[in-house]
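These are the residues of each chain, in order.
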Amino acid sequence: MADESDDRPLATEAEAKAVASAVRLRILRLCLDKALTNKEIAQRLGANPATVLHHVRKLVDTGFLAAQEERSGARGAREIPYLATRKSWRLKMGEEHWSVLTGAMLQVFQSEVAQLDDPAQVNVARLGPRLSEAQYEEFQRRLQALLNDLARQEPGPDAKPYSLFIAIHPDTGRE
């Protein structure tokens, strides 16, 4: 979501490409609250550790993941846990990256929802408003402000993790 009043810095080409991957978006979500090693990330994704390491390195190189203090794992193996920096929320993506990023976000949403035991755990709603350009821009501004407020909130002691996915699109079937 972007508008003219969005004063976040524009993502570089490398940053935009780094987050335009469903796998990388899932890695960022896994490492959002707790630092995980490459092996732990691979296990949670059900993926090959070598493939995951490629994605982790790209996220580290672009500042979306930060290596934490090295620790000893099983049998004294050297392990480096990684934590998401939340940088993706602090950047805006150029319009040229929206298509790929939107596709990646849709893939992540579908994969996360597929992991739920009961689809009723997803709180969804659909609405078909008709908006002028000014109303649409005001809606986007208010929604962005709400999301920014939510992103800044400190979790309470009993906080549970949730994922939020919001989409608005032209309804070409109603023209």
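Structure: above.
Residues numbered from 1 in each chain as written. Predicted model: local features only at pLDDT ≥ 70, side-chain atom pairs only at ≥ 80, totals over all residues. Heavy atoms only, no water.

Chemist: Honestly, helix α5 (residues 95-114) in this entry has me stumped. Any pointers?
Modeler: Quick reminder: α-helices carry 3.6 residues per turn. Residues three or four places apart thus point the same way. A rise of 1.5 Å per residue sets the reference length of α5, with its 20 residues, at 28 Å; its end C-alpha atoms lie 29 Å apart and thus fit the reference within 8%. The largest bend in α5 comes to about 25 degrees, at leucine 101. Inspection of α5 places His97, Leu101, Ala104 and Val108 among the buried residues, and these make up the whole buried set. (Helix = DSSP H or I, 4+ residues; strand = E, 2+ residues; numbered from the N terminus. Expected span 1.5 Å × (residues − 1). Bend = angle between axes of the 7 residues up to and from the residue. Buried < 20%, exposed > 50% of the residue type's maximum accessible area, 1.4 Å probe, protein only.)

Chemist: Teacher, can you tell me more about the pairing of strand β5 (residues 81-84) here?
Modeler: For a regular strand, the rule is simple: side chains alternate between the two faces of the sheet. Bridge analysis of strand β1 (residues 36-37) against β5 gives 2 bridges, and the strand direction is antiparallel. By the bridge assignment for β5, leucine 36 is matched with tyrosine 82. Across 3 bridges, the pairing between strand β2 (residues 65-67) and β5 is antiparallel. Within β5, the position partnered with leucine 65 by the bridge is alanine 84. (Pairing = 2+ DSSP bridges.)

Chemist: Can you walk me through the sheet that holds β2 in this structure?
Modeler: Sheets are built from strands paired through backbone hydrogen bonds, the pairs being either parallel or antiparallel. On the basis of which strands lie adjacent, the open sheet formed by 3 strands has the order β1-β5-β2 and antiparallel pairing. Because the sheet does not close on itself, it has two edges, and the strands there are β1 and β2.

Chemist: Help me understand unusual backbone geometry in this model?
Modeler: One non-glycine residue, arginine 86, adopts positive backbone phi at about 65 degrees. With respect to the element layout, arginine 86 can be found in the loop between β5 and α5.

Chemist: Is there a simple way to think about the environment of alanine 50 in this case?
Modeler: Examined against the element boundaries, alanine 50 turns out to sit in helix α4 (residues 49-61). Between the C-alpha atom of alanine 50 and that of glutamine 144, which follows or precedes it by 94 residues, the distance is 37 Å.

Chemist: Would you explain the packing of aromatic side chains in this entry?
Modeler: A ring pair, where both rings are aromatic, is described by two values, the distance of the centres and the angle of the planes. Enumeration over the complete set of coordinates arrives at 1 aromatic pair. Taken together, a centroid distance of 4.6 Å and an interplanar angle of 25 degrees make the contact between phenylalanine 109 and phenylalanine 165 stacked. Remark: phenylalanine 165 occurs in the segment after α6 (133-152) and phenylalanine 109 occurs in helix α5; sequence separation between them is 56 residues. According to the relative accessible area criterion, phenylalanine 109 is partly exposed, its value standing at 28%. Under the relative-accessibility criterion, phenylalanine 165 is labelled partly exposed at 31%. Seen from the ring of phenylalanine 64, lysine 87 lies directly overhead, with NZ or CZ sitting 5.0 Å from the centre. (Phe/Tyr/Trp six-rings, centres within 6.5 Å; stacked < 30°, edge-to-face > 60°. Lys NZ or Arg CZ within 6 Å of the ring centre and 35° of its normal.)

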